[in-house]
Amino acid sequence: MLLRLKKGLSQPERESILLLCKDLGYSASFLDGARTLLVLEGLGRPSDRSRLGDLTGVLDVLESAGAPELHERGARRDSVLGVGDARFGGGAISIIAGPCAIEDLPRSLEIARAVRGAGATLLRGGAFKPRSSPYSFQGLGEAGLDILAAVKAETGIGIVTEVLDPRDVERVGQIADVFQIGARSMSNFALLKEVGATHTPVLLKRGFAATLREFLLAAEYVLSAGNEQVVLCERGIRSFDPTTRNVLDVGGVADLKATTHLPVIVDPSHAAGRAELVRPLARAGIAAGADGLLVEVHPAPDEVHSDGRQAVSTAVFAEIVDDTRKLAALDGRELVVPEIAACAEGTGGRRRLV
Ligand code: PEP
Ligand code: MN
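A brief look at the structure comes next. (Residues numbered from 1 in each chain as written. Chains lettered and ligands numbered in written order. Predicted model: local features only at pLDDT ≥ 70, side-chain atom pairs only at ≥ 80, totals over all residues. Heavy atoms only, no water.)

1. A few points about empty space enclosed by the protein
Logical step 1: Applying the stated rule across the entire model yields 2 cavities of 30 Å³ or more.
Logical step 2: Computed from the structure, the largest cavity encloses a volume of approximately 70 Å³.
Logical step 3: As for the largest cavity, its lining consists of 13 residues, and the residues nearest its centre are Pro-99, Cys-100, His-298, Val-304 and Ser-306.
Logical step 4: Taken together, the residues of the lining of the largest cavity sort by class into 6 nonpolar, 4 polar and 3 charged.
Logical step 5: For the lining of the second largest cavity, the per-class residue count stands at 9 nonpolar, no polar and no charged. (1 Å grid on protein atoms, 1.4 Å probe; cavity = no way out; pocket = protein on both sides within 12 Å on 5 of 7 lines; lining within 4 Å. Points joined across faces, edges and corners; volume = space filled by probe spheres on them. Nonpolar A, V, L, I, M, F, W, Y, C, P; charged D, E, K, R; others polar.)

2. What about the environment of Thr-211?
Logical step 1: Note on placement: Thr-211 falls in the loop between strand E11 (202-205) and helix H7 (212-224).
Logical step 2: Remark: the alpha-carbon pair of Thr-211 and Gly-252, spanning 41 residues in sequence, is separated by 9.3 Å. (Helix = DSSP H or I, 4+ residues; strand = E, 2+ residues; numbered from the N terminus.)

3. Focus: the site of ligand 1
Logical step 1: By nearness alone, every residue bordering ligand 1 is listed as Cys-100, Arg-124, Lys-129, Pro-130, Gln-180, Gly-182, Ala-183, Arg-184, Lys-205, Arg-235, His-270 and Glu-296.
Logical step 2: Here His-270 contributes a side-chain N or O atom positioned 3.1 Å from an oxygen atom of ligand 1.
Logical step 3: Burial of ligand 1 by the surrounding chains reaches 98%, relative to a free accessible area of 300 Å².
Logical step 4: Structurally, ligand 1 is housed in the largest pocket.
Logical step 5: A per-class count over the shell around ligand 1 returns 3 nonpolar, 3 polar and 6 charged. (Near = heavy atom within 4 Å. Polar contact = N/O pair within 3.5 Å; in protein donor to acceptor, adjacent residues only side chain to side chain. Areas by Shrake-Rupley, 256 points an atom, 1.4 Å probe, with all protein chains shown as cover. Sits in = over half its atoms within 2 Å of the grid points.)

4. Quick word on the packing of aromatic side chains
Logical step 1: Taken as a whole and assessed by the stated rule, the structure comprises 1 aromatic pair.
Logical step 2: Sitting above the plane of the Phe-208 ring, Arg-238 keeps its charged end 4.5 Å from the centroid. (Phe/Tyr/Trp six-rings, centres within 6.5 Å; stacked < 30°, edge-to-face > 60°. Lys NZ or Arg CZ within 6 Å of the ring centre and 35° of its normal.)

5. Notes on the coordination of the manganese ion (ligand 2)
Logical step 1: Taken together, Cys-100 (SG), His-270 (NE2), Glu-296 (OE) and Asp-307 (OD) make up the full set of protein donors to the manganese ion (ligand 2), lying 2.0 to 2.4 Å away.
Logical step 2: Every donor residue of the manganese ion (ligand 2) comes from the same chain, spaced as C-x169-H-x25-E-x10-D. Remark: Asp-307 occurs in the loop between strand E14 (292-296) and helix H11 (314-330) and Glu-296 occurs in strand E14; sequence separation between them is 11 residues. (Donors = N, O, S within 2.8 Å, 3.2 Å for Na, K, Ca; no water.)

6. Focus on the pairing of E11
Logical step 1: Of the two faces of E11, the one lined by Val-202 and Leu-204 and the one lined by Leu-203 and Lys-205 are each fully buried.
Logical step 2: When strand E10 (residues 178-181) meets E11, the two strands line up parallel, connected through 3 bridges. Counted as the bridge partner of Gln-180 is Leu-203 from E11.
Logical step 3: In this region the chain leaves E10, passes through helix H6 (residues 189-196) and returns to the parallel neighbour E11; the handedness of that crossover is right-handed.
Logical step 4: Strand direction decides the pairing type here: E11 and strand E12 (residues 230-234), joined by 4 bridges, are parallel. What sits directly across from Leu-203, in E12, is Val-231.
Logical step 5: Handedness of the β-α-β unit built from E11, H7 and E12 comes out right-handed. (Buried < 20%, exposed > 50% of the residue type's maximum accessible area, 1.4 Å probe, protein only. Pairing = 2+ DSSP bridges. Right-handed = clockwise from strand over helix to strand, strands pointing away.)

7. Quick word on the sheet that holds strand E3 (residues 37-41)
Across a sheet, paired strands are connected by hydrogen bonds in the backbone, their directions being either parallel or antiparallel.
Logical step 1: With respect to topology, 4 strands assemble into an open sheet ordered E2-E3-E1-E4, the strand pairing being antiparallel. The sheet is open, and its two edges are formed by strand E2 (27-30) and strand E4 (58-63), each paired on a single side. Adjacent strand axes in the sheet meet at a mean angle of 25° when their direction is disregarded.
Logical step 2: Note: E2 against E3, 4 bridges, orientation antiparallel. Of the residues in E3, the one forming a bridge with Ser-29 is Val-39.
Logical step 3: Across the sheet, helix H2 (residues 46-53) is in contact with strand E1 (2-5), E3 and E4; its angle to E4 comes to roughly 150°. (Axes fitted to C-alpha atoms, helices over the stretch in contact; angles between N-to-C directions. Contact = heavy atoms within 4.5 Å.)

8. Let's talk about the pattern of salt bridges
Logical step 1: Scanning the model with the defined rule gives 28 salt bridges in all.
Logical step 2: Among the ionic pairs, Asp-48 bridges to Arg-45, the shortest N-O distance being 3.6 Å.
Logical step 3: Looking at Asp-48, the relative accessible area reads 0%, which means it is buried.
Logical step 4: Its salt-bridge partner being Arg-171, residue Glu-142 comes within 2.7 Å of it at the nearest N-O pair. Of this pair, Glu-142 sits in helix H4 (residues 142-155) while Arg-171 sits in helix H5 (residues 169-173), placing them 29 residues apart in sequence. (Salt bridge = Lys/Arg side-chain N within 4 Å of Asp/Glu carboxyl O.)

9. Details of the environment of Ile-17
Logical step 1: With respect to the element layout, Ile-17 can be found in helix H1 (residues 11-23).
Logical step 2: For the pair Ile-17 and Leu-38, spaced 21 residues apart in sequence, the C-alpha to C-alpha distance is 9.9 Å.
Logical step 3: Those residues in contact with Ile-17 that sit more than four places away from it in its chain are Leu-5, Leu-9, Leu-38, Leu-55, Gly-57 and Val-58.

10. Here we look at H2
Logical step 1: For H2, every residue scored as buried is listed here: Asp-48, Arg-49 and Leu-52. For H2, the buried positions fall inside an angular range of 100° around the axis, keeping them on one side.
Logical step 2: If you follow the buried residues of H2, they end up packed against E1, H1, E3, E4 and H7. (Arc of directions from axis to C-beta.)

Listed below in structure tokens is the structure:
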């Protein structure tokens with residue numbers, strides 16, 4: 001590990017850093033005459049990087065080999081997450097789709113069948129919605145979970161749904177095949193620890209003002225609590241320009257693919273905020289290396305209570321699936337889709353690579 005220290009530290013300040021290094025089991029030596037670059041040798045633990053980085057005299061942990069955090073790629077290959085019909089990572093791309101919020105059973109069934117028929121492997125729909133205003137529609141709550149359970153029983157499709165409150169983790173976990181942690185909850189550490197204590201995969205969305213490091217540390221909360229099944233989701237970050245709802249950080253996607261072994265997917269819907277921009281942003285996300293997409297789809301966007309402007313039709317969704325298949329083939333990856341016939345029969349899906 002390599003630490004960069006402040007210039008001109010006093011002897012006692014330097015010694016307290018050296019003492020902690022020794023207590024953590026490292027042997028330490030300075031690289032430079034000014035005593036600002038400290039090399040640590042030894043087998044560290046993932047927590048060491050943060051503990052040393054928190055010291056007042058330490059400016060940066062420049063390189064953490066020897067004490068890798070759990071999300072770090074290091075020499076690791078992609079972690080592959082398989083859930084239901086979906087597979088993310090290791091060259092497999094899967095698409096999650098559905099309405100922003102669950103409304104009623106007939107509409108949810110209609111959307112589930114349509115997106116699955118077009119190639120979505122998981123249905124995403126919110127029962128508990130994180131809304132910026134307390135006066136906006138907050139989702140159907142428990143009733144929404146019951147609808148999701150009915151859709152799953154009827155079609156066999158796996159369910160992704162958001163959990164907002166640590167107290168709801170058990171209840172939502174009875175329905176969810178994947179917990180969604182939304183952008184507004186990315187830094188809810190109590191919630192991250194709670195889902196980290198389960199065996200249910202977690203789709204973690206990046207906060208709209210979170211750095212990539214903060215995003216990865218949020219994932220680290222889940223991983224360090226014992227749950228290794230984490231998918232990161234880039235959904236756009238806030239900028240000065242309101243033309244698009246957020247700015248899709250494609251550079252961030254490419255960077256994440258290099259720095260972590262965790263699967264990374266892209267949500268072009270919340271990045272764009274407008275249906276007509278979702279398809280190009282989906283293409284950009286896959287081209288940047290994403291292992292999947294999360295797309296909001298609705299057959300009647302004018303009737304929805306949340307995020308209607310960014311919902312694409314099932315026809316556009318089918319085009320997005322087709323684009324993804326072609327882009328995947330370009331870099332030797334594969335789009336995972338469910339057996340379409342299995343959906344129609346309501347028997348659950350066998351996985352097929354096309
Ligand atoms: C959503 O997925 O519907 C949502 C609210 O997304 P985000 O948390 O990214 O804003
Ligand atoms: Mn939404």
